[in-house]
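Architecture at a glance
Spelled out, the chains give:
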Amino acid sequence: MKIVKTTLQWIFAAAFIVAGANHFLHTDFYLRMLPPVFPAHLFLVYLSGVFEIGLGVLLLIPKFTQLAAWGLIALLIAVYPANIYMALNPNLYPEFSPAAQIIRLPVQFVLIAVAYWFTKERARQ
């Protein structure tokens, strides 16, 4: 089970690092995701990108793995309103099918569960 968890941890970290970098490479897309009621869209896009990159890196450092996992849980909860906004406004995102936008909502909880798994201390060897 250790190899599965370690492999998944690396994949998870890489996914967040890449997603975070995309906030800077494809800023316009992420700006469209934010509900209009949120302030400072550009700041929030960059801030979430910084946190995704930083927490992804910290997830791979044993001393910080648990803290990073809790941070990723908080981040996944914080960005959930954007996922809801996308699902409720599929016409604004023609590049994604409405079904994909709906499926994305429960997938976020799977990601939270995986991050929670990383909050558990590894057995000492």
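Notes on the structure follow. (Residues numbered from 1 in each chain as written. Predicted model: local features only at pLDDT ≥ 70, side-chain atom pairs only at ≥ 80, totals over all residues. Heavy atoms only, no water.)

Looking at the nonpolar core
Residues Phe 12, Phe 16, Leu 59, Leu 72, Ala 115 and Phe 118 are the most contacted members of the largest nonpolar core, which totals 15 residues. Elements supplying a minimum of two residues to this core: α1 (2-25), α3 (41-59), α4 (65-78) and α6 (98-117). No other element matches α4, which puts six residues into this core. Leave out the neighbours within four places in its chain, and Phe 16 touches Glu 52, Ile 53, Gly 56, Leu 72 and Leu 76. Counting residues in hydrophobic clusters, the runner-up holds eight residues, among them Met 33, Val 45, Met 86 and Tyr 93. (Core = buried A, V, L, I, M, F, W, Y, C linked by side-chain atoms within 4.5 Å. Buried < 20%, exposed > 50% of the residue type's maximum accessible area, 1.4 Å probe, protein only. Helix = DSSP H or I, 4+ residues; strand = E, 2+ residues; numbered from the N terminus. Contact = heavy atoms within 4.5 Å.)

Looking at the layout of surface pockets
Roughly 790 Å³ of volume is contained in the largest pocket. What lines the largest pocket is a set of 34 residues, and nearest its centre among them are His 23, Met 33, Ser 48, Glu 52 and Val 79. Contributing elements (two or more residues each) for the lining of the largest pocket: α1, α2 (27-33), α3, α4, α5 (80-88) and α6. Top element by residues in the lining of the largest pocket is α3. It accounts for seven residues. Considered class by class, the residues forming the lining of the largest pocket number 26 nonpolar, six polar and two charged. (1 Å grid on protein atoms, 1.4 Å probe; cavity = no way out; pocket = protein on both sides within 12 Å on 5 of 7 lines; lining within 4 Å. Points joined across faces, edges and corners; volume = space filled by probe spheres on them. Nonpolar A, V, L, I, M, F, W, Y, C, P; charged D, E, K, R; others polar.)

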